[in-house]
Amino acid sequence: MDTAMVVDLGRQALWMTMLVSSRYSAFGGQHGICRDQHAFSRELFKRAGYDATVVGYIGNGAIHAVTAYQDPVTHKWGINEYGTLYKPETLQADTPEEALLAVRPGALSVFRYS
């Protein structure tokens, strides 16, 4: 996949983030939104041929989840957070957890969602 495809996936994930957020807001709930949105983002990446997983962290007074995706050529990992892409060639991470820590160095605990 080329960079344009990754950017398009990021836009799709951002659009779904806004859609899911508005539905959660409409029903008065604000719990688990990031995990749900990034589970959807993970599936978009997988359908495009990337390995992807949802990783979470605890730190800075929050529990948060993002999508980690692996470049199929370099095998380095990047992060998608609400449509913002932290590219694998920038992060140079060998694992999803390493990619997350590159983006959120203040994380106290890092874990994967199934």
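Residues numbered from 1 in each chain as written. Predicted model: local features only at pLDDT ≥ 70, side-chain atom pairs only at ≥ 80, totals over all residues. Heavy atoms only, no water.

1. Some points on the sheet that holds strand E1 (residues 51-59)
Pairing is antiparallel in the open sheet, where five strands are placed in the order E4-E3-E2-E1-E5. With partners counted over all chains shown, the strands left at the sheet margins are strand E4 (84-86) and strand E5 (109-113), one partner each. Across the sheet, the mean angle separating the axes of adjacent strands is 30° when strand polarity is ignored. Two elements, E1 and strand E2 (residues 62-70), share nine bridges in a ladder whose sense is antiparallel. The residue bridging Asp 51 from the neighbouring strand is Gln 70, located in E2. Its contacts with the sheet put helix H2 (residues 33-47) on E1, E2, strand E3 (77-81), E4 and E5, and the angle it makes with E2 is roughly 0°. Together, E1, E2, E3, E4 and E5 form the strand contacts of helix H4 (residues 96-103), whose direction differs from that of E3 by roughly 55°. (Pairing = 2+ DSSP bridges. Helix = DSSP H or I, 4+ residues; strand = E, 2+ residues; numbered from the N terminus. Axes fitted to C-alpha atoms, helices over the stretch in contact; angles between N-to-C directions. Contact = heavy atoms within 4.5 Å.)

2. Notes on the pairing of E1
In terms of burial, E1 is a largely internal element, seven of the nine residues being buried. Examined bridge by bridge, E1 and E5 share five bridges and lie antiparallel to one another. Residue pairing across strands places Val 55 opposite Arg 112, the latter belonging to E5. (Buried < 20%, exposed > 50% of the residue type's maximum accessible area, 1.4 Å probe, protein only.)

3. A word on the environment of Ile 63
Checked against the element boundaries, Ile 63 lands in strand E2. Here the alpha-carbon distance between Ile 63 and Cys 34, two residues 29 residues apart in the chain, equals 9.4 Å. When sequence neighbours within four positions are dropped, the list of residues in contact with Ile 63 reads Cys 34, Tyr 57, Ile 58, Phe 111 and Tyr 113.

4. Details of the side chain of Lys 76
Topologically, Lys 76 is positioned in the loop between E2 and E3. Here Lys 76 falls in the buried class, since its relative accessible area comes to 18%. Of note is the side chain of Lys 76, whose polar atom sits 2.5 Å from the side chain of Asp 94. Leave out the neighbours within four places in its chain, and Lys 76 touches Tyr 69, Gln 70, Asp 71, Pro 88, Gln 92, Ala 93 and Asp 94. (Polar contact = N/O pair within 3.5 Å; in protein donor to acceptor, adjacent residues only side chain to side chain.)

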